[in-house]
Amino acid sequence: MTTNRRTFAIISHPDAGKTTLTEKLLLQGGAIHLAGEVKARGQARRARSDWMKIEQQRGISVTSSVMTFEKDGIIFNLLDTPGHEDFSEDTYRTLTAVDSAIMVIDAAKGIEPQTLKLFEVCRLRSVPIITFVNKVDREGRECFEILDEVADKLALDVCPMSWPVGMGGEFEGIYEFASGRLTQPSGGSKEYEGKHSLHDGLDAESLTAHLSERGLAKFRENAELAQMGYAEFDLEAYRNGDLTPVYFGSALKEFGIEEMIGAIAAIAPPPRPQPSDQGEILPGAKDVTGFIFKVQANMDPMHRDRIAFMRLCSGTFKRGMKLIPSGHGKPVAIHSPILFFAQDREIADSAEPGDIIGIPNHGTLRVGDTLSEKNQLRFTGLPNFAPEILRRVVLKDPTKTKQLRKALDDLSEEGVIQVFYPEIGAQWIVGVVGQLQLDVLISRLEAEYKVEAVLEPSPYDTARWLIGGDDKIRAFMDINSALMAKDRDGVPVFLAKSAWDVGYQQEKHPDLKFSATKER
Ligand code: GDP
């Protein structure tokens, strides 16, 4: 069984420093040689390898979807979770393909809304989380305040693994408890330049030689409190998603990066068993299996190509292998997989559990599909997420209803949008978690289905899947028919006018579950 893969994602609110941290991880992992490459997505750095050529020919930017680097025998697969304006269901679903996550928090801002949302998705699958409190080179909140906020808002045990000596203008370095390692800034810009010293504990005499008297006194006091006041590190609690180890650092000035890579290597789980309708599938199982968690359409509308991203769950994948998609059962030979694990991103010939394979196809592979050698199982637990933006679709040409229905069914199957067909009235509703999905919807309706439509506001704020006995659901639908719809699979959905509405109905109907996720 392979244990040297670490497949993870970084979750954060925009501006917390995810891009900077990614860049520095790749830099220290040796995957890129120039900082700044991550942000320069898709610009002026092309055609270096076959892999890049594929990207160019197909006009698909997959460069930043999976970033792989190898350090000390460990292969790190870092999956991008687009934030900002790209925020979409893909962001959520990517988290179903990782074994662990790093949560980046801005030391001045604490837990922000998007961090919380992404965290909740991680919790659904008990994805273990390492916390990185970023920007300690600037004035931030008290470390204790941040730790308490993480503990309270996320209901997690927290375990500080390192501690900053001062913050902002008084920043003198970071001390890692377990190793007794102190890393310090040097030079005018106060960047980390590889300078560190080892000390044997907080009481060590040797610390006086490195830190100011005042800084050291305060640091000792706080660090002691920190070690006494919080949970001890417990590997099992972390891996179950009940405890988060917390590291402090500065992505910009490169503090705490080595510790982060070290932590992922040492404590983050290797490929985890995956839930399926045949029970848990162990990564060591012989047959090749995987699931599609993301489909990226070609940016060139004249091409019908798509890249489906498969997470390999078991077996050793070899180039040219035939796998059967659960969607239609016809084997697909995978001749030109995009494998991300080679350091220079050349096309490679095999992949192991935990790796991600990009499969070019013409729309035959769908989000949620299982691929396997013998069509023997289905992976479960790849959910739909309650939409946060709901819009009415209005056709410009009313004779195109049929085409619109087909398009909405197709695009929802692909995971671009979710569609809801109200019980009463003929106005179809689309739901998304990010604005970008709506733009994609309109442009693809026009380009691929020749349907012109506009999106109008709807009275709904969110949607919940109803779970419970058939009778109970029917009774609920009878009273609330004006707020009921069916999703693409015919499952009843409650369209809520506000989050308050959801809470109210839940209280009134305790025997029904108003679920914010739906397993495919
Ligand atoms: P993202 O939106 O989460 O990807 O955040 P970015 O990595 O783009 O960072 C947002 C801003 O914060 C940028 O201006 C960064 O230079 C800055 N930043 C990131 N990390 C640090 C840090 O450790 N210290 C300071 N002072 N600024 C940082």
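Definitions and limits used
- Residues numbered from 1 in each chain as written.
- Predicted model: local features only at pLDDT ≥ 70, side-chain atom pairs only at ≥ 80, totals over all residues.
- UniProt positions renumbered as here; feature names shortened; annotations may be inferred.
- Helix = DSSP H or I, 4+ residues; strand = E, 2+ residues; numbered from the N terminus.
- Pairing = 2+ DSSP bridges.
- Axes fitted to C-alpha atoms, helices over the stretch in contact; angles between N-to-C directions.
- Expected span 1.5 Å × (residues − 1).
- Buried ≥ 20, exposed ≤ 12 C-beta atoms within 10 Å, placed from the backbone.
- Arc of directions from axis to C-beta.
- Contact = placed C-beta atoms within 7 Å.
- Core = buried A, V, L, I, M, F, W, Y, C linked by C-beta atoms within 7 Å.
- Near = placed C-beta within 6 Å.
- Nonpolar A, V, L, I, M, F, W, Y, C, P; charged D, E, K, R; others polar.
- Domains from an automatic or database assignment.
- Parallel < 35°, antiparallel > 145°, perpendicular 65-115°, else oblique.
- Left-handed = near helix turned anticlockwise from the far one by under 90°.

- Looking up the protein in an unreviewed UniProt entry gives the name Peptide chain release factor 3, with the organism given as Sphingorhabdus arenilitoris.
- Per UniProt, the protein carries the Sequence similarities (unreviewed entry) text "Belongs to the TRAFAC class translation factor GTPase superfamily. Classic translation factor GTPase family. PrfC subfamily."
- Turning to the protein, the UniProt record has this under Subcellular location (unreviewed entry): "Cytoplasm".

Section: unusual backbone geometry
- Despite not being glycine, K135 has its phi angle at roughly 70°, a positive value.
- Looking at the secondary structure, you find K135 in the loop between strand 5 (129–134) and helix 5 (143–154).
- Positive phi, close to 50°, is recorded for A155, a residue that is not glycine.
- Relative to the helices and strands, A155 resides in the loop between helix 5 and strand 6 (157–160).

Digging into the sheet that holds strand 5
- Pairing in this open sheet of seven strands is mixed, and the strands run 2-3-1-4-5-11-6 from one edge to the other. Only two strands of the sheet have a single neighbouring strand rather than two, namely strand 2 (66–71) and strand 6. Pairs of neighbouring strands in the sheet enclose a mean axial angle of 25°, with direction left out of account.
- In terms of strand pairing, strand 4 (residues 100–106) meets strand 5 through six bridges, oriented parallel.

A short note on helix 4 (residues 113–124)
- Here helix 4 is twelve residues long and its end C-alpha atoms lie 17 Å apart, about the 16 Å a rise of 1.5 Å per residue gives.
- Of the residues making up helix 4, those classed as buried are T115, L118, F119, V121 and C122. Viewed end-on, helix 4 has its buried residues packed into an arc of 155°, placing them on one side of the element.
- Buried residues along helix 4 sit in contact with strand 1 (5–11), helix 3 (89–94), strand 4, strand 5 and helix 5.
- Of the residues flanking the end of helix 4, it is S126, one or two places downstream, whose phi is positive at about 50°.

Observations regarding helix 1 (residues 18–28)
- When you tally the buried positions in helix 1, you get nine out of eleven residues, the bulk of the element.
- At the exit of helix 1 stands G30, carrying a positive phi of roughly 80°.

Some details on the environment of T20
- With respect to the helices and strands, the residue T20 is situated in helix 1.
- T20 sits in the buried class, given 21 other C-beta atoms within 10 Å.
- Taking the C-alpha atoms as reference, T20 lies 6.3 Å from L252; in sequence the two are 232 residues apart.
- Setting aside chain neighbours within four positions, we find T20 in contact with A251 and L252.

Structural notes on the nonpolar core
- With 129 residues, the main nonpolar core has A101, M310 and L495 as its most contacted residues.
- The biggest single contributor to this core is strand 13 (residues 306–314), with six residues.
- Each residue touching M310, except ones within four places of it in the same chain, is listed here: G290, F291, I292, I356, I357, I359 and L371.

Here we look at the site of the ligand
- As a structural note, the neighbourhood of the ligand is formed by 15 residues, with G17, K18, T19, T20 and L252 the closest of them.
- With three residues, helix 1 is the single largest residue contributor to the shell around the ligand.
- Among the residues making up the shell around the ligand, the classes are represented as four nonpolar, six polar and five charged.

Here's the deal with the pairing of strand 9 (residues 181–186)
- Pairing of strand 8 (residues 173–176) with strand 9, which is carried by three bridges, proceeds in the antiparallel orientation. Bridged to E176 within strand 9 is R181.
- Following strand 8, the chain reverses through four residues before pairing antiparallel with strand 9; G180 in that reversal takes a positive phi of roughly 70°.
- Both strand 9 and strand 10 (residues 191–198) contribute to a ladder of five bridges, which runs antiparallel. Paired with R181 across the two strands is L198, which belongs to strand 10.
- Between strand 9 and strand 10, which pair antiparallel in sequence order, lie four residues; one of them, G187, sits at a positive phi of approximately 75°.

Some words on the domain arrangement of the protein
- Split by domain assignment, the protein resolves into domain 1 (10–63 + 84–93 + 100–266), domain 2 (289–372) and domain 3 (383–519).
- Facing the seven residues of domain 1 at the interface are ten residues of domain 3.
- Among the residues forming the side of domain 1 that touches domain 3, the class breakdown is three nonpolar, one polar and three charged.

Considering the packing of helix 1 against helix 8 (residues 257–266)
- Here helix 1 crosses helix 8 at 75°, and the two axes come no closer than 10 Å. Compared by their axis directions, helix 1 and helix 8 come out roughly perpendicular. The segment helix 1 lies against helix 8, with K24, L25 and Q28 engaging I257, E258, M260 and I261.
- Along the lines of polarity and charge, the residues of the contact of helix 1 with helix 8 split into four nonpolar, one polar and two charged.

Section: the packing of helix 9 (residues 401–414) against helix 10 (residues 435–449)
- Where helix 9 contacts helix 10, the two axes come as close as 11 Å, and the packing angle between them is 120°. By the angle between their directions, the pair helix 9 and helix 10 is classed as oblique. The handedness of the crossing between helix 9 and helix 10 comes out as right-handed. On helix 10, the residues that touch Q403, A407 and L411 of helix 9 are L441, R444, L445 and Y449.

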